[in-house]
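One-letter residues, chain by chain:
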Amino acid sequence: MKEIRVEEAVGKVLCHDLTQIIRGVTKDARFRKGHVIQEEDIPVLLSMGKDHIFVWENDGTKLHEDEGAEILRQLTQNQGMAASEPKEGKIELTAQHDGVFHVDEERLAAINGIGDIAIATIPQHFPVKKGTKLAGMRVIPLVIDKEKMEAVRKLAGDKPLMELRPYRKMKVGVVTTGTEVFAGRIKDTFTPVIAAKLKAFGLQIDEHRLSDDVMEHTKAKIEELLALGMDMVLCTGGMSVDPDDRTPAAIRAAASRVVTYGVPVLPGAMFLLAYWEREGRRVPIAGLPGCVMYSPATIFDLVLPRLLTGEDIPKNDLDRLGVGGLCMGCKPCHYPFCSFGK
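Residues numbered from 1 in each chain as written. Predicted model: local features only at pLDDT ≥ 70, side-chain atom pairs only at ≥ 80, totals over all residues. Heavy atoms only, no water.

Asks: How would you explain the pattern of salt bridges if you had to name every residue and give the values?
Replies: Per the stated rule, a full pass over the model turns up 19 salt bridges. For Glu-311, the salt bridge identified is with Arg-306, shortest N-O distance 2.6 Å. Exposure remark for Arg-306: the relative accessible area of 5% places this residue in the buried category. Bridged by salt links that share partners, the residues Glu-163, Arg-165, Arg-306, Glu-311 and Asp-317 form one connected network. (Salt bridge = Lys/Arg side-chain N within 4 Å of Asp/Glu carboxyl O. Buried < 20%, exposed > 50% of the residue type's maximum accessible area, 1.4 Å probe, protein only.)

See below:
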């Protein structure tokens, strides 16, 4: 910190807030700590009775908080994200389109552990709308060591820490299983629920098939939808362990690989996720348990946004859903596409 005359302060960084008092008009900080003094600021400072001020003296080993924040932006910002201008050492990132937010949690934790910086984001794998705030980052002190910021760069590497994966326009096929529905004994009340959830993403059910509880018949319906070029196939009904529930076996027979049958989410534990893969195509096939039909928020609401980005969801990610995987019945629901209370 160095005391200098105001007339010599242009381009210098202010080390403390300066309050301006105009009787009956204002009493507030006219210039904030960290402000870079401009030529036009000189008359204002003199009118405030400031002939001398304390400024930061750069010795070449430190960076101003705004310069540090700019480095954090470079390491985090990715396509589809807009950055605010640095303000008091802080920059925010905002979504430029709808999609699902991803962050490299391990790298982020390592960087935050260095100290004197803070990068905060929305939850991992969170579906967002255009204009949603994704992250905020700042350098905590007024100035920060260049060596510390170089350590941050090294930990971050060459790949941005964050991603906003856009939704794809997908053709969706639905296979409704259950002899009771196939035979017309009861009305299909499951398919309209699926249609409503897809509509939230601007999609529709492009093809719909009914099947009884014979495994081979359900498998044939799934394969029919795949042959028609569906980008995703959803199977409803027959997902429990009852003797007549054969949908999991049909999905296993039709798919190239099964990611999981059963997830630590309530409601929705009997969810099945598989993928069919041929000649560069990868199509998710999901078995939806009955709770999706009547519970406003289930495993389907957590997984659907990610499936709509074309992501190959690993089992490890589904296993981690156990933390926070119990629906609390919040009013209103904190999850963007949950219909609870709406």
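Asks: Tell me what's going on with the side chain of Thr-309, and back it up with residues and numbers.
Replies: Looking at the element boundaries, Thr-309 is found in the loop between α10 (299-307) and α11 (315-319). Under the relative-accessibility criterion, Thr-309 is labelled buried at 8%. Each residue touching Thr-309, except ones within four places of it in the same chain, is listed here: Val-100, Arg-165, Pro-166, Tyr-167 and Arg-168. (Helix = DSSP H or I, 4+ residues; strand = E, 2+ residues; numbered from the N terminus. Contact = heavy atoms within 4.5 Å.)

Asks: Requested: an account of unusual backbone geometry, with residues and values cited.
Replies: Cis peptide bonds are those with omega within 30 degrees of zero, and the linkage from Leu-266 to Pro-267 qualifies with 0°. With respect to the helices and strands, the residue Pro-267 is situated in the loop between β18 (257-261) and β19 (272-278). Backbone geometry at Asp-116 places phi at a positive 70°, although glycine is not the residue there. On the secondary structure map, Asp-116 appears in the loop between α3 (105-112) and β10 (117-121). Of note, the phi angle at Glu-279 is positive, near 45°, even though the residue is not glycine. Looking at the secondary structure, you find Glu-279 in the loop between β19 and β20 (281-288).

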